Amino acid sequence: MIPNLNIVPFVSVDHMMKLVLKIGVERFLVELAGYIEDDFRRWDLFDKTPRVASHSAEGVIELMPTSDGEVYGFKYVNGHPKNMREGRQTVTAFGMLADVHNGYPVLLSEMTILTALRTAAMSALAAKHLAPAGSRSMALIGNGAQAEFQALAFKALLGIDTLRLYDIDRSATEKCIRNLAGLGFDMTACTTAQEAVEGADIITTVTADKQYATILTDNMVGSGVHINAVGGDCPGKTELHRDILLRSDIFVEYPPQTRIEGEIQQLAPDHEVTELWQVISGAVKGRRDTGQITLFDSVGFAIEDFSALRYVRDQLKSTGLYQELDMLADPDEPRDLFGMLLRAARQD
């Protein structure tokens, strides 16, 4: 796409927003979920490792790498819940793809918006394989930055059209209702999490506080529901009471990471879980009966970010929504890097 060796395509926040709007949010989510599903079907090809995390009292900074043997990708992402009080995002991110055969980057992209889309697409993809057939209603507990993306992904992939919303901050719920108005939802603002889950086929928890929490208690979860637990995503941070886990069939992305970061950090290290790629590939059945409680213990995994970056890269040629970033040194003779500096000095 770009012949100059020094140039790397860069997708800025502005270009990412234009790309999402040009494609359409729901279509973007559906197509992104398709890329993730395709990559989960070739799970064995990927390098896999838990993300590399640097924790502090205020939050976490993480690197999430993977490769399919042809392309290498990584994401830089932070999680700082206190940021909101300072007018900052709780989560920010950027990512890169590179050619394994020469090591040259082929894409640099913002991933704050893209991670929100990827997380929602992954949630809905898991639910497509695990939720009760004909699900139409979802409780959405935690109405912050991720909430609208989750709602639209579940609408686009599963046909969810009824939302029961709850957040400890009523203004977050009001924001969510404003943003989703006119997009095909019947929405109810609830005063408690208990009220929100009543009658819901799917329960999504997506809260931000970096601590052990009990957003759902055991008595709130009836038989047959699907739980999409998104907010617990680092050591010491959970949303569900342990007894819910003991009643559920638990599905995870990558067990070595989820056992450290997910809801299952509350359980024994050998507690039985099912890897979601096995369900997507057809090797293992997901939902077996109407009374089964299925739980997707979502923490986010590098292959999903790889899929998202791969999807974005595939859109660049047809949309032109990127900048040419002069990122790589390209001397006239590969061994003469210092000579490149001397020539630059003469030009000045």
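Residues numbered from 1 in each chain as written. Predicted model: local features only at pLDDT ≥ 70, side-chain atom pairs only at ≥ 80, totals over all residues. Heavy atoms only, no water.

So, about the overall build of the chain. Each helix and strand counted, the chain has 11 helices and 17 strands in total. Taking 2.2 N^0.38 as the reference for a compact globule, 348 residues should give roughly 20 Å; the C-alpha atoms of the chain span a radius of gyration of 21 Å, in line with that estimate. Expressed as lengths along the three principal axes of its C-alpha atoms, the size of the chain is roughly 75 × 45 × 40 Å. In the chain, which comprises 348 residues, the proportion classed as buried is 51%. Counting contacts in the chain only where the partners sit at least 6 residues apart, residues at least 24 apart contribute 71% of the total. As displayed, the chain offers around 15,500 Å² of accessible surface, 52% of which is attributable to carbon and sulfur atoms. (Helix = DSSP H or I, 4+ residues; strand = E, 2+ residues; numbered from the N terminus. Rg over C-alpha atoms; globule rule 2.2 N^0.38 Å. Buried < 20%, exposed > 50% of the residue type's maximum accessible area, 1.4 Å probe, protein only. Contact = heavy atoms within 4.5 Å. Areas by Shrake-Rupley, 256 points an atom, 1.4 Å probe, with all protein chains shown as cover.)

All right, on to the packing of helix α2 (residues 25-41) against helix α4 (residues 147-158) then. At their nearest, the axes of α2 and α4 sit 9 Å apart, and the two run at 75° to each other. Classified by the angle between their axes, α2 and α4 sit roughly perpendicular to one another. Each of V25, E26, L29, V30 and A33 in α2 lies in contact with α4, whose residues at this interface are F149, L152, A153, K155, A156 and L157. Class assignment of the residues belonging to the contact of α2 with α4 gives a composition of nine nonpolar, no polar and two charged. (Axes fitted to C-alpha atoms, helices over the stretch in contact; angles between N-to-C directions. Parallel < 35°, antiparallel > 145°, perpendicular 65-115°, else oblique. Nonpolar A, V, L, I, M, F, W, Y, C, P; charged D, E, K, R; others polar.)

Next up on the list: a nonpolar patch on the surface. Together, F338, L341 and L342 give the surface a local cluster of nonpolar side chains, amounting to about 330 Å² of exposed area. Look at L341 and you get exposed, because its relative accessible area is 58%. (Patch = residues over 30% accessible without salt bridge, like charges linked within 9 Å, V, L, I, M, F, W, Y side chains within 5 Å. Salt bridge = Lys/Arg side-chain N within 4 Å of Asp/Glu carboxyl O.)

This next bit is on the sheet that holds strand β5 (residues 93-99). Taken together, seven strands build an open sheet; the order of strands is β2-β3-β4-β5-β6-β1-β17 and the sheet is mixed. Looking at the sheet topology across the chains shown, the edges are occupied by β2 (52-55) and β17 (323-326). Within this sheet the neighbouring strands show an average axis-to-axis angle of 20°, counted without direction. Here strand β1 (residues 7-11) runs beside β17; their pairing, made up of four bridges, is antiparallel. Note on β17: the bridge partner recorded for I7 is D326. (Pairing = 2+ DSSP bridges.)

Everything listed here is a matter of coordinates, which is why it stays silent on function.
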